[in-house]
Amino acid sequence: MIRDALKNEFQRIVGKDNVMTEPDELHAYSYDSAVLDQTQPAIVVRPENSESLGQVVKLCNENGLKLTVRGAGTNLSGGTIPHPGGVVCLTTALDKILEINEEDLYAVVQPGAVTAKFAAQVAAKGLLYPPDPGSQAVSTLGGNVAENAGGLRALKYGVTKDYVMGVDFFDVNGELIRSGGKTVKCVTGYNLAGLMVASEGTLGVFEKLILKLVPPPAAYKAMMAVFPDVMDASRAVAAIIANKIVPATLEFMDNFTIRTVENFRKAGLPVDAAAMLLIEVDGHPAQVEDDAAKVESICKDNKALSVRVAKDDAERNAVWQARRDALPALARVRPTTVLEDATVPRSKIPAMMQALDKIAKKYDLTIGTFGHAGDGNLHPTILTDKRDQKEWHRVEAAIDAIFEEALALGGTLSGEHGIGLAKSKYLKNEYGVGTINYSRRMKSVLDPNNILNPGKILGPLLA
Ligand SMILES: Cc1cc2nc3c(=O)[nH]c(=O)nc-3n(C[C@H](O)[C@H](O)[C@H](O)COP(=O)(O)OP(=O)(O)OC[C@H]3O[C@@H](n4cnc5c(N)ncnc54)[C@H](O)[C@@H]3O)c2cc1C
């Protein structure tokens, strides 16, 4: 329970209408897109300007209130599950796109600006903001930076961190800290902007972001390659990269996912295919022609049954619609969808696919796999029902096995979804205890009262 005096203080800072304490309001912010247990905050606040955002952080620190900042709550690792009885601070009112600079190719935005809305405004100026998480229609840029989100274009264009030029954020005392800037080169001081990327709301609260923009490609070509065997598709991925072609996008779908998507939309997908690659090359028109021809022949050399090249934008859209449908289609099969994020070096994709198959059989689970094969980031998606306790225990064991396998193959716990609460228990397996202790020391100096999103990334010892 939050004391009345404190509630009044929050109301003074953000206004009465922006403070929520009713049970249904608190319930709405007790969970996010990860499949984890809910926890209820004591209060939800929604600052409408940067000054009140800073004051909220300061007030929380002065009163030892645990603070979880929340954009759209679409993260898949429990990053916005609040501390029980803590404060949730929404950034949805801080959604302004403050500047799109066409001369110097950067933009300045508030943290609550919605990714797709921003990307569309950038595109309207003839420029490109490449990071394109599947959630971009609702996700916020603050959430993208805090999670270091990726997306379909990450293979060629990189992830959010590659577009963060500067960050202004509030520390726990409500002091505004600035790092980076609007110049292409800026090496002034510690790279605090870099430190803040992927910090999941545990080190500071973004107030403003400076993001890099790039010119869009002059041409692109999308294609769909169908394979009789998952291993052939996996080998084709490795061969495309080994042939020094870097497509903008190189996505994978297994047979289960293809069939589920086809069931969902009846788009004429090859339901008998063991696997499908969805590929887009982009750049100068001559380069695109050249790369597309090479990709086609590499797929055929790796036993592709067919390679369909999109003839126009409508066909291109059909290719990408199939990929966009993967998660919503799978999510309809069973009540609970656990979307994982295991990532391996690209050459290890065949081994990871074999391991996933074994894990599904061993734990008697349905796992549909799709993902960003070009960068080794697979999304094994477990379809289950959390209410079935026996099955849920098998799911938990399967998740442990997936990450064990990914790490054994030289991979990582997260390609793009972050660690949050969901994967903090595995962190030491990837980086060791020394790294965790170092990170904890840093956190305890920057946030001595441990108010900023406690328990996320570094685990329960700090909660
Ligand atoms: C259908 C679906 C598809 C998805 N596809 C992708 C994908 O392709 N690629 C990908 O990378 N992810 C994907 N995601 C995961 C998710 O959308 C991303 O992690 C996204 O970046 C989260 O943005 P958000 O605004 O929802 O942030 P939230 O979930 O609200 O917050 C995420 C984290 O950021 C912190 N945070 C938010 N705002 C601030 C701030 N102002 N200051 C400090 N910390 C802050 C929060 O405390 C939390 O730790 C997907 C999720 C869904 C549901």
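This text goes with the structure placed above it.
In this text the structure is predicted, and so the values were computed from the model without any measurement. (Residues numbered from 1 in each chain as written. Predicted model: local features only at pLDDT ≥ 70, side-chain atom pairs only at ≥ 80, totals over all residues. Heavy atoms only, no water.)

Enquirer: Before we go on, may I ask you to explain the sheet that holds strand S3 (residues 67–70) in this structure?
Expert: Within a beta sheet, neighbouring strands are joined by backbone hydrogen bonds and run either parallel or antiparallel to one another. Ordered by their spatial adjacency, four strands build an open sheet running S1-S2-S4-S3, and the pairing between neighbours is mixed. Whereas interior strands pair on both sides, the edge strands pair on one side only; in this sheet they are strand S1 (19–20) and S3. The pairing of S3 with strand S4 (residues 87–90) spans four bridges and is parallel. Across the sheet, Val69 pairs through a bridge with Cys89, a residue of S4. (Pairing = 2+ DSSP bridges. Helix = DSSP H or I, 4+ residues; strand = E, 2+ residues; numbered from the N terminus.)

Enquirer: What am I meant to see in the nonpolar core here?
Expert: Side chains of a nonpolar character, in soluble globular proteins, are inclined to be buried together. Within the largest apolar cluster, 60 residues are counted, with the highest numbers of intra-cluster contacts made by Leu277, Cys299, Met352 and Ile382. The set of elements that each furnish at least two residues to this core consists of strand S10 (219–227), helix H8 (230–242), strand S11 (249–254), strand S12 (275–283), helix H10 (285–301), helix H12 (349–362), strand S16 (377–384) and helix H13 (389–408). If one sorts the elements of this core by residue count, H13 sits on top with nine residues. Setting aside its immediate chain neighbours within four residues, Cys299 contacts Ala225, Phe227, Ile240, Ile279, Ala304 and Val307. (Core = buried A, V, L, I, M, F, W, Y, C linked by side-chain atoms within 4.5 Å. Buried < 20%, exposed > 50% of the residue type's maximum accessible area, 1.4 Å probe, protein only. Contact = heavy atoms within 4.5 Å.)

Enquirer: Whenever I open this one, the sheet that holds strand S7 (residues 164–170) confuses me. Can you help?
Expert: Here five strands make up an open sheet; going across it, the order is S5-S6-S9-S7-S8 and the pairing antiparallel. At either end of the open sheet lies a strand with only one pairing partner, and these are strand S5 (97–101) and strand S8 (176–180). Here the strands of the sheet are splayed against their neighbours by 10° on average, with no regard to which way each runs. Against the sheet, helix H3 (residues 50–62) engages S7 and strand S9 (205–212), with an angle of about 130° to S9. (Axes fitted to C-alpha atoms, helices over the stretch in contact; angles between N-to-C directions.)

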